[in-house]
Structures are given as C-alpha cells and as structure tokens.
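So the chains spell out like this:
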Amino acid sequence: MRSYTPCDLPPLPRLHCPFECRKTVQRYGSKADLYIVKTPCTGKPLANGWCAWHQSSQELLDWGAQIGYPRLQVNSALWITGGIANWEDYAVCYPASRREQITWAIENYSTSERKQARYGHRNT
Ligand SMILES: [Zn+2]
C-alpha cells in the first residue's frame, strides 16, 4: 500500500503541527468586511507530524496516497486540485466536519477507477 511522505510540508519529526486554524473575523464589526485569520496550531505533534486533534489531516493524505493524489471533486463547489502539494495545502486547513464528504468522494473515485480498469482491459 502506498503511504504519504511529506512534500511541501516540513519533514518528520516536526516541532509543530502544520495545521492552520482559520477563523473568519469581522473588521470594524462589519459583516461586509470579513477577513480570514490563520493561526498556527499549538498542539504537540505525534510521530506522524500532526497533533492529536489533527489526525484527520494525516488520514486525508494517506487516502490521497492510495489513489495517487488525483483532482478530487468533493461537492459541486469544492474540489482538491491534483498533486500531492495541493492535497497538503488542503490538509492544513481540512475541517473534520468535511470528513464524510471526503470519504464519499474518495470511495466514488476509487469505484470509477476500478470500473475503468475493468472495461479498459477487456479480454475479448
Ligand atoms: Zn494540530
């Protein structure tokens, strides 16, 4: 089974979890003036380089490794661009609430891959 090796993210072992907590803040208390504040995670990284709260990011990258980091359509408005660096880019701000959609998208992707393999190599 293929596994994830850091590309743009710092190599292991890491001193800091690379996750970025993103929070939308209203400037001057105005809803029309929103901006995003990125705060680095302060959790202590485990052996895989992510802290206990952000293990789902490692899980995401492991899944990506198994299917080769393709362009993955998550829902009609969101997709992960193909390539390991883009998957890492997504993993550092991957909200755990998105997990169900991601597993569905990966399952869906693997199924269509298998179908293509089956129909692409027909012995007739
Ligand atoms: Zn973290």
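The text that follows walks through the structure, step by step, so that each part is easy to find. These figures come from a predicted structure and were not determined experimentally.

### Regarding the overall build of the protein chain
- Secondary structure summary: the protein chain contains 3 helices and 4 strands in total.
- Listing the helices and strands of the protein chain from first to last along the sequence gives β-β-α-β-β-α-α.
- A burial count over the protein chain gives 19% of its 124 residues as buried.

### A short note on the nonpolar core
- Ranked by internal contacts, the top residues of the largest apolar core, which has 16 residues, are Leu-60, Leu-61, Trp-87, Tyr-90 and Ala-91.
- Sorting the residues of this core by element identifies helix H1 (55-67) and helix H2 (84-91) as the ones contributing at least two each.
- Apart from residues no more than four positions distant in its own chain, Ala-91 is found in contact with Ser-57, Leu-60 and Leu-61.

### Some thoughts on H2
- Taken together, the buried positions of H2 are Trp-87, Glu-88, Tyr-90 and Ala-91. Taken down its axis, H2 places every buried residue within 160° of arc, on the same side.

### Here we look at unusual backbone geometry
- Following Leu-12, the chain continues to Pro-13 via a peptide bond in cis, the omega torsion being -5°.
- Inspection of the secondary structure puts Pro-13 in the segment before strand E1 (20-26).
- One non-glycine residue with positive phi stands out, namely Tyr-69, at about 50°.
- Within the fold, Tyr-69 resides in the loop between H1 and strand E3 (72-75).
- For Tyr-69, a count of 22 C-beta atoms within 10 Å corresponds to the buried category.

### So, the pairing of strand E2 (residues 34-40)
- For E2, the buried fraction is low: 0 of the 7 residues fall into the buried class.
- Where E1 meets E2, 7 bridges bridge the pair, whose relative direction is antiparallel. Across the sheet, residue Gln-26 finds its bridge partner in E2, namely Leu-34.

So, how was this worked out
Residues numbered from 1 in each chain as written. Predicted model: local features only at pLDDT ≥ 70, side-chain atom pairs only at ≥ 80, totals over all residues. Helix = DSSP H or I, 4+ residues; strand = E, 2+ residues; numbered from the N terminus. Buried ≥ 20, exposed ≤ 12 C-beta atoms within 10 Å, placed from the backbone. Core = buried A, V, L, I, M, F, W, Y, C linked by C-beta atoms within 7 Å. Contact = placed C-beta atoms within 7 Å. Arc of directions from axis to C-beta. Pairing = 2+ DSSP bridges.

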